[in-house]
Amino acid sequence: MRIVVLAGGIGGARFLLGVRAYAREVGAAVTAVVNVGDDLYVHGLKVCPDLDSVMYTLGGGADPERGWGRAGETWAVRSELAAYGAEPTWFGLGDRDIATHLVRTTMLTGGYPLSAVTEALATRWQPGVRLMPATDDRLETHVVVSDPDGDVQRAIHFQEWWVRYRAEIPTHRFVFVGAEAARPAPGVLDALASADVVLVAPSNPVVSVAPVLAVPGLREAVTGGPAPVVGVSPIIGGAAVRGMADRCLAVVGVECDAAGVGGLYGSRSSGGLLDGWLVAPEDAGAVVPGVTVGSAPLLMTDETATAAMVRAALELV
Ligand code: GDP
Ligand code: CA
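Model, not experiment: these values are computed from the prediction.

Undergrad: Could you clarify how one ought to interpret the coordination of the calcium ion (ligand 2) in this entry?
TA: In an ideal octahedron of six donors the angles at the metal are 90 or 180 degrees, and in an ideal tetrahedron of four donors they are 109.5 degrees. Listed as protein donors to the calcium ion (ligand 2) are Asp38 (OD), Asp50 (OD) and Asp50 (OD); their distances from the metal cover 2.1 to 2.7 Å. A residue pair is termed long-range when its members are at least 10 positions apart, and aspartate 38 in the loop between strand S2 (29-34) and strand S3 (40-42) and aspartate 50 in helix H2 (residues 49-58) qualify at 12 residues.

Undergrad: It is not clear to me how the packing of aromatic side chains should be interpreted in this structure. Could you clarify?
TA: Two numbers describe a pair of aromatic rings. These are the distance of the centres and the angle of the planes. The full count for this structure, using the stated rule, is seven aromatic pairs. A ring pair is formed by phenylalanine 158 and tryptophan 161, whose centres lie 6.1 Å apart and whose planes are at 40°; its orientation type is tilted. Of this pair, phenylalanine 158 and tryptophan 161 are both found in helix H6 (residues 158-164), three residues apart, which corresponds to roughly one turn of the helix. Residue class for phenylalanine 158 comes out buried when judged on its relative accessible area of 3%. According to the relative accessible area criterion, tryptophan 161 is buried, its value standing at 0%. These aromatic residues form a ring-pair network of at least three members: Phe158, Trp161, Trp162 and Phe174.

Undergrad: Whenever I open this one, the sheet that holds strand S6 (residues 140-146) confuses me. Can you help?
TA: Backbone hydrogen bonds hold the strands of a sheet together, and the pairing may be parallel or antiparallel. Taken in spatial order, the three strands line up as S7-S6-S8 in an open sheet, and their pairing is antiparallel. Among the strands making up the open sheet, the edge pair consists of strand S7 (153-157) and strand S8 (171-177). Strand after strand, the sheet turns through a mean of 30° between neighbouring axes, direction not considered. Pairing between S6 and S8: six bridges, direction antiparallel. The residue of S8 that forms the bridge with valine 143 is phenylalanine 174.

Undergrad: Could you clarify how one ought to interpret the domain arrangement of the protein chain in this entry?
TA: Quite often, the size of an interface is put as the accessible area lost when its parts meet. Along its sequence, the protein chain is organised into domain 1 (2-137 + 180-315) and domain 2 (140-179). The C-alpha centroid of domain 2 is placed 21 Å from the C-alpha centroid of domain 1. Listed by partner, the interface residues are 23 residues for domain 1 and 20 residues for domain 2. Regarding the contact of domain 1 and domain 2, the summed buried area is about 1800 Å², with carbon and sulfur atoms giving 68% of it. When the area that domain 1 buries against domain 2 is broken down by residue, the three leading residues are Trp90, Met244 and Val251, summing to 36%.

Undergrad: Please explain helix H12 (residues 303-315) as it appears in this structure.
TA: Since the α-helix packs 3.6 residues into each turn, any two residues three or four apart lie on the same face. Taking 1.5 Å as the rise per residue, H12 with 13 residues should run 18 Å; its terminal C-alpha atoms sit 18 Å apart, in good agreement. Of all the residues in H12, the buried ones are Thr306, Ala307, Met309, Val310, Ala312, Ala313 and Leu314. Where H12 is buried, its residues contact helix H1 (10-26), strand S9 (197-200), strand S10 (229-232) and strand S13 (276-279). Among the residues of H12, the N-terminal cap falls to aspartate 302, whose side-chain oxygen and the backbone nitrogen of threonine 304 are separated by 3.1 Å.

So, how was this worked out
Here the residue numbering is sequential within each chain, running from 1 through the sequence in written order. Throughout, the order in which chains and ligands are written sets their labels, letters from A for the former and numbers from 1 for the latter. With pLDDT at 70 or above as the cut-off, local features in this predicted model cover only qualifying residues; side-chain atom pairs require 80 or more to be listed or tallied, and sums for whole chains, interfaces and linings still use all residues. Derived side-chain values reflect all non-hydrogen atoms in the structure, with water molecules and hydrogen atoms excluded from consideration. Donor atoms (N, O, S) are those found within 2.8 Å of the metal centre, with the cutoff raised to 3.2 Å for Na, K and Ca; water is not part of the atom list, so apparent gaps in a site can occur. Where helices and strands are cited, they refer to DSSP runs of H or I of at least four residues and of E of at least two residues respectively, numbered from the N terminus. When two rings of Phe, Tyr or Trp (its six-membered ring) have centres within 6.5 Å they constitute a pair, described as stacked for plane angles under 30 degrees, edge-to-face for angles over 60, and tilted for the intermediate range. The classification of residues rests on relative accessible area computed with a 1.4 Å probe and restricted to protein chains. Under 20% of the type maximum is buried, over 50% is exposed, and intermediate values are partly exposed. Two strands qualify as a pair provided DSSP detects at least 2 bridges between them. Under this scheme, a helix contributes an axis fitted over its contacting stretch, all axes are lines through C-alpha atoms, and angles between N-to-C directions fall in the 0 to 180 degree range. Annotation comment: domain bounds sourced from an automatic or database domain assignment. Two residues form a contact once any of their heavy atoms are found within 4.5 Å. For any pair of parts, buried area is found by adding up, for both, the accessible area (1.4 Å probe) each one loses once the two are put together. A helix is expected to span 1.5 Å for every residue after the first. By the criterion applied in these results, polar contacts are pairs of N or O atoms within 3.5 Å in which, for protein atoms, one can donate a hydrogen and the other can accept it, and in which residues neighboring in sequence qualify only through two side-chain atoms.

As C-alpha cells, then:
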C-alpha cells in the first residue's frame, strides 16, 4: 500500500509519526508532501520551518516541548547577532538548527533544487518516510495587513505575521506569492498517481494545506487521482489543539469547528477535496455534504494513539 500525506509543520509531523507506525505494521510506503509557504531567508540562510519540523520529529531530533527546532538547542549565534543589532530579531535560529540551514543554503546556492536538498538532509535523519517539498519553486505565504495606526495595507511574510505579531494585527487575506508559476516538485505527481490513499494531516488548513494545493496541477492530481482522500480535523470541539488556526480561519471567514474546516475542503464529488473526514468524538455530529464523516479520538498524544487515528481514517474509505 502507498500512502501520500499532505502536511504542514508540527501537526503534520506528529501525524506522520502515527502514519509511519501504522505503515510499519502493515508494510506500507509513505510519502509526505510538505508545505513550503512558510519558507524564508533569515540572515542569509534558507529556512524551511515545516520541512524541518517534519524531518527533526521523524528523525528523533526535535525539541519535544517547543515542538519545533532541535532538541538540546543552544543559542550562542542568536546572542551574537543581537549584539550586532542584526534584524530580524524576532526570528530565532538555534545553533544546531543553523547547521541544517547552512547545508541547505550551500546546496541551493550550488544549484541543487530544494527536493534534492531535502533528500540529502534526510540521509542523516532517516525519517522513514519519503519527504518532499510541494514545489522546488518559490512559493511564499504573505499576509495582507493594516498598520495598527492607520489604514494603509501592506503585505508581510507569513512568519512576520505569525512570529512577530502573533497574528494579532488587523488582517485581510493570505496571498501565496509565486504560486501561479510554481510546479510540483519532481516525484510529487507520480506519488499521487500511484497512491492508494491520500491523507490530509490535521495541519492548519489555511496556511499549511492550502499553499500545498495552490501549486498548479497538485490539487488536480489529488482530486482527479485514483486514490480516495481522507482528511483529519485539526479542530477539536471548536478549538485548535495548539497554534493559531482559529485566527487563520477567521481571516478567511470560516467557522472554527470540524464542520467548518470540512466544508472549506469540500467534497471530492462536487469539486472539493475530500471523500472522508475524520473528526473527534465530540464533533461526531458534524455534517459535510458529500463527505463520509467518521469520528475517533484525535489527540496525538503518542505514536500509538496517532496510529489508531490513521487506522480510523483509512477505515472511512
Ligand atoms: P505548523 O505548520 O507548525 O503550524 O503545523 P501544522 O499546520 O502542520 O499543524 C498545526 C495544526 O495542528 C493546528 O491547527 C492544530 O490544531 C493541529 N494539531 C496540533 N496538535 C494536534 C492534535 O493532537 N490533534 C489534532 N487533531 N490536531 C492537532
Ligand atoms: Ca507551518
